[in-house]
Amino acid sequence: MEIPIFDLKKQYKLIQKEIENSVKQVLKNGHYILGPNVDALEKSVATYCGTSYAIGVASGTDALRLSLLSLEIGKDDEVITTPFTFIATAQAITQIGAKAVLIDIEEDNFNMDLDKIEEAITEKTKAILIVHIFGHTMDMRKLLSIAKKYNLFLIEDAAQSFGSECNTASFDSPPQWKKAGAMGDIGCLSFYPTKNLGGFGDGGMVITNKKEITDKMRSLRMHGGNSNNYSYDLLGYNSRLDEVQAAILRIKLRYVDQWIKLREKRASLYNKVLSKIPSIKIPVCKPYTKHSFHAYTIKTPLRDKLKKYLEKHGISTKIYYPIPVHLQKMYKNLNYDKLNLPVAEKICKQVLSLPVYPELEEEKILYVAKKIVSFF
Ligand SMILES: *Cc1c(COP(=O)(O)O)cnc(C)c1O
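Here's what I pulled together on the structure shown here. (Residues numbered from 1 in each chain as written. Predicted model: local features only at pLDDT ≥ 70, side-chain atom pairs only at ≥ 80, totals over all residues. Heavy atoms only, no water.)

Near the ligand there are 16 residues, and of these Gly60, Thr61, Asp157, Ser190 and Lys195 occur at the shortest range. Here an oxygen atom of the ligand sits 2.5 Å away from a polar atom, N or O, in the side chain of Thr61. Within the side chain of Gln160, one N or O atom sits 2.9 Å away from an oxygen atom of the ligand. In the complex, 93% of the free accessible area of the ligand, which totals 380 Å², lies under the protein chains. Residue assignment for the shell around the ligand shows that the elements contributing at least two residues are helix H4 (60–70) and helix H5 (88–95). With 3 residues, the single largest contributor to the shell around the ligand is H4. In terms of residue class, the shell around the ligand is made up of 6 nonpolar, 8 polar and 2 charged. (Near = heavy atom within 4 Å. Polar contact = N/O pair within 3.5 Å; in protein donor to acceptor, adjacent residues only side chain to side chain. Areas by Shrake-Rupley, 256 points an atom, 1.4 Å probe, with all protein chains shown as cover. Helix = DSSP H or I, 4+ residues; strand = E, 2+ residues; numbered from the N terminus. Nonpolar A, V, L, I, M, F, W, Y, C, P; charged D, E, K, R; others polar.)

Listed below in structure tokens is the structure:
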């Protein structure tokens, strides 16, 4: 049996008619970039996430970069972030000229260690850029209070957590669930095809409750202009979302909750079997989060052998991530390799992500789980 890590064709087939009709409409309309579909998608995503505004951009990476720029973060500024993420998070900080200050992660949920944030804050710190890794949100209650105490911007990289939720109520109050990306000053979304809400190409979005950030972002994505009169106030970029992607995403957004439920169901099927294996740690799901299982990531000291074994049986898996940010070659000139981030380094040697996409049949999940049992 062949089980790929993703199968985007399957999802396409489920909604093929709707997608093709809407794309055809765009092609006929002749409006291809930042048009009515982008406007409508921005409104729907803002409503879905519970924010006042959403601004479509060309990618999740651009969402991060433009967010930092819109907050006027740059040279001599420091931004605290995690070493255990997709490289775009750290690259965005470095590319706008600021310093990425990396702090270690929590061993069980792979997110930034909240207890290490305060000691990393200096007078140069402008923002905390958090990542809700794999779909498990950070504990925002504590984080929001730290950001407030030190007057720092809080940016959420929610590229992997579209649809995830976090309880933001204080500890003794009834729960108050909020969507990932909607809790800080700015949330950054990615519509890369394999994300929880994925387009048929690159795309991204910024969500926020702040009008000032929204205006700036709308300008930054169009070369820094303030209208269509060819006058430019800011050093902006070409970073726009196109109509074909927006039309496709508008349709997919209607299904996203259903797909997340299917991801959760697949995760719990894995959990049932894999929790019985002593040398595997299944993903945790803390009481303050509703995990969307963008990835289902186990930990085992026998990771490399297990990966090979599963490959031999037609099951493809992925290592997110084999190398932490600070050990990437591109950061060697900044001496990041000297940083002491032992948990991130250890985790990178143990993690393995299993196929968990919504269209993967339950019997195939059980097949993967059974193969893992037989390996051990
Ligand atoms: C995918 C991803 C990004 C970048 O998104 P793109 O749309 O691919 O540019 C940024 N951060 C994280 C954590 C991601 O997973």
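So, about the pairing of strand S12 (residues 351–354). Residues Val351 and Ser353 point to one face of S12 and Leu352 and Leu354 to the other, with burial holding for every one of them. Two strands pair when backbone bridges link them, and strand S11 (residues 296–299) and S12 are joined in this way by 4 bridges, in the antiparallel orientation. Looking across to S12, one finds that Ile298 is bridged to Leu352. (Buried < 20%, exposed > 50% of the residue type's maximum accessible area, 1.4 Å probe, protein only. Pairing = 2+ DSSP bridges.)

What follows is about the sheet that holds strand S3 (residues 99–102). The 7 strands are arranged S1-S9-S8-S5-S4-S2-S3 in an open sheet whose pairing can be described as mixed. Two strands close off the open sheet at either side, each with one partner strand: strand S1 (53–57) and S3. For this sheet, the mean inter-axis angle between neighbouring strands, taken without regard to orientation, is 25 degrees. When strand S5 (residues 153–157) meets strand S8 (residues 186–190), the two strands line up parallel, connected through 3 bridges. (Axes fitted to C-alpha atoms, helices over the stretch in contact; angles between N-to-C directions.)

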